[in-house]
Amino acid sequence: MLQIRGLDTYYGESRVIAGLDLTVKKGSVTALIGRNGVGKSTTLKSVMGLCKTPSGHILLEGQDLIKMPTYNRVKSGIGYVPQGRDIFPRMTVQENLELGLRAKGGNPRGAKSGKIPEYIYELFPILPQFAKRKGGDLSGGQQQQLAIARALAADPKILILDEPTEGIQPSIIQDIGRAIRKINTEKSITVFLVEQYLEFVLNISDSLYIMEKGEIVKSGATEEMNAAEIQKILTE
């Protein structure tokens, strides 16, 4: 589905990602974990074309995205929820969702709520209740649900999530975990996420990559990974 091959990523003159190889299989939930500052979020930004990537390849279903602008990567089938959620706080919940329709080439002007896929409201039932509320008035957990829903409105092939549990209360984390599983199993949407909450990752992912200093140091099927060993890598 998504293949990263020999990727180098730079911030200014500093190389942050060094020759990265990573594969997200179609239909999987794949997680990338590691300590702060090792390059996890930079990897996702590289996939989205938000960082300088002078060498390597990023293939989505065989199409190399490396020179493609961000908006075309979205149209190619990537839904992206960045760290911090990045919703539009002065726009209503409904208006935020309609931006997702625009991302896939639709015209949300005057769009009715029925144009948003109904399953999104089923995943996040709080959203239709707050349709006219400003995004900035929502709690952190509600904003995260809105951000994921907005990405789903663009009908992506793959959903990329950066720290979806960050700053969110445990009950909402469980809701988001259930939503991700439904997105993956019932809608056949591949999921690639960066996360530091190890228990969440172990419960939700099929495959796991561990990153240190811009490189993958361990990878494999999640069920075959040793949680204590992973925790040691994350805390050393």
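Just above sits the structure.
Residues numbered from 1 in each chain as written. Predicted model: local features only at pLDDT ≥ 70, side-chain atom pairs only at ≥ 80, totals over all residues. Heavy atoms only, no water.

### Description of the packing of aromatic side chains
Note the cut-off: Here a pair means two rings of Phe, Tyr or Trp (six-membered ring of Trp) with centres within 6.5 Å. Their orientation is stacked below 30 degrees between planes, edge-to-face above 60, and tilted elsewhere. Each residue gets one of three labels from its accessible area relative to the maximum for its type: buried under 20%, exposed over 50%, partly exposed in between, using a 1.4 Å probe on protein chains only. Working rule: Lys NZ or Arg CZ, within 6 Å of ring centre, within 35 degrees of ring normal, means a charge sits over the ring.
Counted according to the given criterion, the structure contains one aromatic pair. A ring pair is formed by Y197 and F200, whose centres lie 6.3 Å apart and whose planes are at 20 degrees; its orientation type is stacked. The exposure class assigned to F200 is buried, which follows from its relative accessible area of 7%. We note R133 situated over the ring of F130; from NZ or CZ to the ring centre the distance is 3.8 Å. The side chain of K187 reaches across the aromatic face of Y119, ending 4.6 Å from its centre.

### Considering the sheet that holds strand β9 (residues 207–212)
Put simply, the rule reads: Pairing between strands is defined by DSSP: at least two bridges between the two strands are required. In DSSP terms, a helix is any run of H or I states spanning at least four residues, a strand is any run of E spanning at least two, and both are numbered starting from the N terminus. Comment: axis = line fitted to C-alpha atoms, over the contacting stretch for helices; angle = value between 0 and 180 degrees taken between N-to-C directions. Residue contacts are defined here by distance: any two heavy atoms, one from each residue, within 4.5 Å place the two residues in contact.
Spatially, six strands are ordered β6-β7-β8-β3-β9-β10 in an open sheet, and the strand pairing comes out mixed. The open sheet has two free edges, formed respectively by β6 (78–81) and β10 (215–221), since each of these has just one partner strand. Averaged over all adjacent pairs, the angle separating strand axes in this sheet is 15 degrees, with direction ignored. The sheet contacts of helix α6 (residues 140–153) involve β6 and β7 (158–162), and relative to β6 the element is tilted by about 165 degrees.

### Focus on the layout of surface pockets
Short version of the rule: Method remark: on a 1 Å grid restricted to protein atoms, a set of points is classed as a cavity if a 1.4 Å probe fits but cannot get out and as a pocket if it is open with protein on both sides within 12 Å along at least five of seven lines; lining residues have an atom within 4 Å of a point. Grid points are joined across faces, edges and corners, and a volume is the space filled by probe spheres set on the points.
By volume, the largest pocket is sized at about 420 Å³. If you trace the largest pocket, you find 18 residues lining it, with V74, Y80, F88, A103 and R150 closest to the centre. Put simply, the parts of the chain that give the lining of the largest pocket at least two residues each are α2 (70–75), β6, α3 (93–103) and α6. For the lining of the largest pocket, the element with the highest residue contribution is β6, accounting for four residues.

### Topic: the packing of α6 against helix α7 (residues 170–187)
Selection rule: Oblique is the label for any angle not covered by the other classes, which are roughly parallel (under 35 degrees), roughly antiparallel (over 145) and roughly perpendicular (65 to 115). By convention, the crossing between two helices is left-handed when the near helix turns anticlockwise from the far helix through less than a right angle, and right-handed when the turn is clockwise. The nonpolar class holds Ala, Val, Leu, Ile, Met, Phe, Trp, Tyr, Cys and Pro. Asp, Glu, Lys and Arg form the charged class, and all remaining residues, Gly among them, are polar.
Running from N to C, α6 and α7 cross one another at 15 degrees; their axes reach a closest spacing of 10 Å. The angle between the axes of α6 and α7 places the two elements in the roughly parallel class. As α6 packs across α7, the resulting crossing turns out to be right-handed. Touching G141, Q144, Q145, I148 and L152 of α6 are I172, I176 and I183, all from α7. For the contact of α6 with α7, the class distribution of residues is five nonpolar, three polar and no charged.

### Examining the nonpolar core
Keep this limit in mind: Buried Ala, Val, Leu, Ile, Met, Phe, Trp, Tyr and Cys residues that are joined via side-chain atoms within 4.5 Å together make up what is termed a nonpolar core.
I33, F124, I148, L152, L159, L161 and I230 are the most contacted members of the largest nonpolar core, which totals 46 residues. The greatest single-element share of this core, amounting to seven residues, is contributed by α6. Setting aside residues up to four positions removed in sequence, I33 forms contacts with K40, E195, L198, V201, L208, Y209, I210, M211, I230 and L234. Listed in part, the 26 residues of the second largest apolar core include M1, V38, Y80 and I158.

### Structural notes on the pattern of salt bridges
This is how the line gets drawn: In the sections that follow, a salt bridge refers to a side-chain nitrogen of Lys or Arg positioned within 4 Å of a carboxyl oxygen of Asp or Glu.
Applying the stated criterion across every chain yields a total of five salt bridges. Measuring nitrogen to oxygen at the nearest pair gives 2.8 Å for the salt bridge that ties E212 to R35. Residue E212 is found in strand β9, and its partner R35 is found in the loop between β3 (29–33) and α1 (40–47); the two are separated by 177 residues along the sequence. A salt bridge links R178 to D175; the nearest nitrogen and oxygen atoms lie 2.4 Å apart. Placement of the pair is R178 and D175 together in helix α7, with a separation of three residues, close to one helical turn. Judged by relative accessible area, which is 42%, R178 ranks as partly exposed.

### Observations concerning the sheet that holds strand β4 (residues 52–60)
Picture the strands of a sheet paired through backbone hydrogen bonds; they go either parallel or antiparallel. The four strands lie next to each other as β2-β1-β4-β5, forming an open sheet whose pairing is antiparallel. If you trace the sheet from one side to the other, it starts and ends with β2 (14–24) and β5 (63–64), each paired once. Sheet topology places β4 next to β5; two bridges connect them, and they run antiparallel. Bridged to L59 within β5 is D64. Across the sheet, α1 is in contact with β1 (2–11), β2 and β4; its angle to β1 comes to roughly 110 degrees.

Remember, this is a structural readout, not a statement about activity or role.
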